[in-house]
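As a plain string of letters, each chain reads:
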Amino acid sequence: MHPIVAAVPRQAWRQLAQRAASSSSTASSAARLSSFARQQFSTAAKRPIPSFRANSTRSYSSSSLPPPTPPRKKNPNELKFWPFLVVIALGSGGYILLANKRNGMPTLPPKKDDPAGLLAQPSKPTPTFSPDEVTVIFVLGGPGAGKGTQCANLVKDYGFTHLSAGDLLRAEQDRPGSQFGELIKDCIKNGAIVPMEVTVQLLENAMTEAINNGTNPNKKFLIDGFPRKMDQALKFEEVVCPAKFVLFYDCPEEEMERRLLERGKTSGRSDDNIQSIKKRFRTFIETSMPVVDHYEKEGRVVKITATAAPQKVYEATRNEIKKFGI
Ligand code: AMP
């Protein structure tokens, strides 16, 4: 039942019907009655609806309707919520203004002493290169294991582009105005790991250049001396390109030491001396071997014993990489 109908006492209904009957010669006309009643109701509906439930003595006479309820007294303890609305509105407005302002902000211009943009790289959700289009093979091994020599052979026979992390770092160290020159120099001399951001970015730049200048049409890269630390491995595969596998040249320390000291007679390298060599060995065992172990667990390591003469080691390399479809 409609609340208005429910609110009108039965007595009032009766009165309405009688008045309708006296006002019409055709009192039996239900249509007229109902239209009249509707008219009366609409007038009644405009009056405040009395609160019958509040009265213990019910009145069914329309003339004795109780007076309208007085306006509700304000409870001083009642929670006022309009101040909250104001705070929320102001807060939302401020946030929108700030967000719009940020959208319009210019990005940092490249720094003079960081033209390679090594510092200002935002993090990226997907790698720059897809492993479906670009082949990356990491080449690892202790210092003096013969990585460079084997890479030179692979470049000749398979058309790889050889990128040596050590060579790229030395070039950056010698580049006039490089912000990282001193840092790289110190790391190399002490056989320490250069911070990942620098190395990863130098490699990505070199890969992009090789692909763009057309010197590497089949997009195959040997990345030598990398990753030397777990953070580099994860970062490179996340932002640059997932590697196909790791070529690991395994050689005993005495043999590597002998080779490095021999090379040191002519290389002119700041780290081919016995103090630096010892530090490099320690870094390799402590920091780089965990990377090899990580990839080994994933079944992505091709291990080659590198004690024999270079040509023998190369034959072994060829046989092993065949298994990976190279
Ligand atoms: P290499 O030419 O491979 O013998 O490397 C020489 C030195 O360069 C190393 O001892 C490190 O100081 C530095 N270096 C080479 N590769 C990396 C790398 N992947 N990450 C950090 N530092 C590196």
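Residues numbered from 1 in each chain as written. Predicted model: local features only at pLDDT ≥ 70, side-chain atom pairs only at ≥ 80, totals over all residues. Heavy atoms only, no water.

(A) Molecular detail of the overall build of the chain. Helix and strand content of the chain: 12 helices and 5 strands. Every one of the 326 residues in the chain was classed for burial, and the buried ones make up 33%. At a minimum sequence separation of 6, the contacts of the chain that also span at least 24 residues come to 76%. For the chain, the computed accessible surface area is about 20500 Å², with 57% contributed by carbon and sulfur atoms. (Helix = DSSP H or I, 4+ residues; strand = E, 2+ residues; numbered from the N terminus. Buried < 20%, exposed > 50% of the residue type's maximum accessible area, 1.4 Å probe, protein only. Contact = heavy atoms within 4.5 Å. Areas by Shrake-Rupley, 256 points an atom, 1.4 Å probe, with all protein chains shown as cover.)

(B) Quick look at the packing of helix 6 (residues 165-174) against helix 8 (residues 196-212). Orientation of helix 6 relative to helix 8, taken along the N-to-C sense of each, is 100 degrees, at an axis distance of 10 Å. Here helix 6 is positioned roughly perpendicular relative to helix 8, judged by the angle of their axes. Judged by residue contacts, Ala165, Leu168, Leu169 and Glu172 of helix 6 engage Val198, Thr199, Leu202, Leu203 and Ala206 from helix 8. Broken down by class, the residue content of the contact of helix 6 with helix 8 amounts to 7 nonpolar, 1 polar and 1 charged. (Axes fitted to C-alpha atoms, helices over the stretch in contact; angles between N-to-C directions. Parallel < 35°, antiparallel > 145°, perpendicular 65-115°, else oblique. Nonpolar A, V, L, I, M, F, W, Y, C, P; charged D, E, K, R; others polar.)

(C) Examining the side chain of glutamine 150 more closely. Along the polypeptide, glutamine 150 turns up in helix 5 (residues 147-158). Of the polar contacts made by the side chain of glutamine 150, one reaches the backbone oxygen of proline 310; its length is 3.1 Å. What glutamine 150 contacts, discounting residues up to four positions off in sequence, is Tyr249, Pro310, Val313, Tyr314 and Thr317. (Polar contact = N/O pair within 3.5 Å; in protein donor to acceptor, adjacent residues only side chain to side chain.)

(D) Focus on the sheet that holds strand 1 (residues 135-141). A sheet is described by the order of its strands in space; here 5 strands give the open sequence 2-3-1-4-5, paired in parallel fashion. Two strands in the sheet have a free side with no partner beyond their single neighbour: strand 2 (161-164) and strand 5 (301-305). Ignoring strand direction, the axes of neighbouring strands in this sheet form an average angle of 20 degrees. Taken together, the 5 bridges between strand 1 and strand 3 (residues 220-224) define a ladder with parallel strand orientation. Its bridge partner being in strand 3, isoleucine 137 is matched across the sheet by leucine 222. (Pairing = 2+ DSSP bridges.)

(E) Region of the structure containing the UniProt feature "binding site: a ribonucleoside 5'-phosphate" (unreviewed entry) in the chain. Feature annotation in UniProt assigns "binding site: a ribonucleoside 5'-phosphate" (unreviewed entry) to the following positions: Arg170, Ala192, Ile193, Val194, Gly225, Phe226, Pro227, Arg228, Gln232, Arg269 and Arg280. Lining the largest pocket, from the residues just named, are Arg170, Ala192, Ile193, Val194, Gly225, Phe226, Arg228, Gln232, Arg269 and Arg280. Looking at the element boundaries, alanine 192 is found in the loop between helix 7 (181-189) and helix 8. Taking relative accessible area as the criterion, alanine 192 reaches 39% and is therefore assigned partly exposed. In this structure, isoleucine 193 sits in the loop between helix 7 and helix 8. Discounting chain neighbours no more than four positions away, the residues touching isoleucine 193 are Cys187, Arg228, Lys229, Gln232, Thr283 and Thr287. (UniProt positions renumbered as here; feature names shortened; annotations may be inferred. 1 Å grid on protein atoms, 1.4 Å probe; cavity = no way out; pocket = protein on both sides within 12 Å on 5 of 7 lines; lining within 4 Å.)

(F) Spatial organisation of the layout of surface pockets. Roughly 780 Å³ of volume is contained in the largest pocket. Forming the walls of the largest pocket are 41 residues, and the residues nearest its centre are Pro143, Lys147, Arg228, Arg269 and Arg280. Where the lining of the largest pocket is concerned, the elements lending two or more residues are helix 5, strand 2, helix 6, helix 7, helix 10 (253-267), helix 11 (274-297) and helix 12 (310-322). It is helix 6 that contributes the most residues to the lining of the largest pocket, 5 residues altogether. (Points joined across faces, edges and corners; volume = space filled by probe spheres on them.)

(G) Layout of the packing of helix 8 against helix 9 (residues 230-239). Interaxial distance between helix 8 and helix 9 falls to 10 Å at its minimum, and their mutual angle equals 40 degrees. Once helix 8 is placed against helix 9, the crossing between them reads as right-handed. From helix 8, Met196, Thr199, Val200, Leu203 and Met207 reach across to helix 9, where they touch Asp231, Gln232, Lys235, Phe236 and Val239. (Left-handed = near helix turned anticlockwise from the far one by under 90°.)

(H) Up close: the environment of alanine 233. With respect to the helices and strands, alanine 233 occurs in helix 9. In this structure alanine 233 comes out as buried when scored by relative accessible area, which is 0%. Along the backbone, alanine 233 and phenylalanine 138 are 95 residues apart, and their C-alpha atoms lie at a distance of 9.5 Å.

(I) Seen up close, the site of the ligand. Near the ligand lie 18 residues; those nearest to it are Arg170, Ala192, Gly225, Arg228 and Gln232. Arginine 269 places a polar side-chain atom, nitrogen or oxygen, 3.0 Å from an oxygen atom of the ligand. Considering the ligand on its own, with 480 Å² of exposed area, one finds that the protein chains cover 95% of that surface. Mapped onto the shell around the ligand, the elements with two or more residues apiece are helix 6 and helix 7. (Near = heavy atom within 4 Å.)

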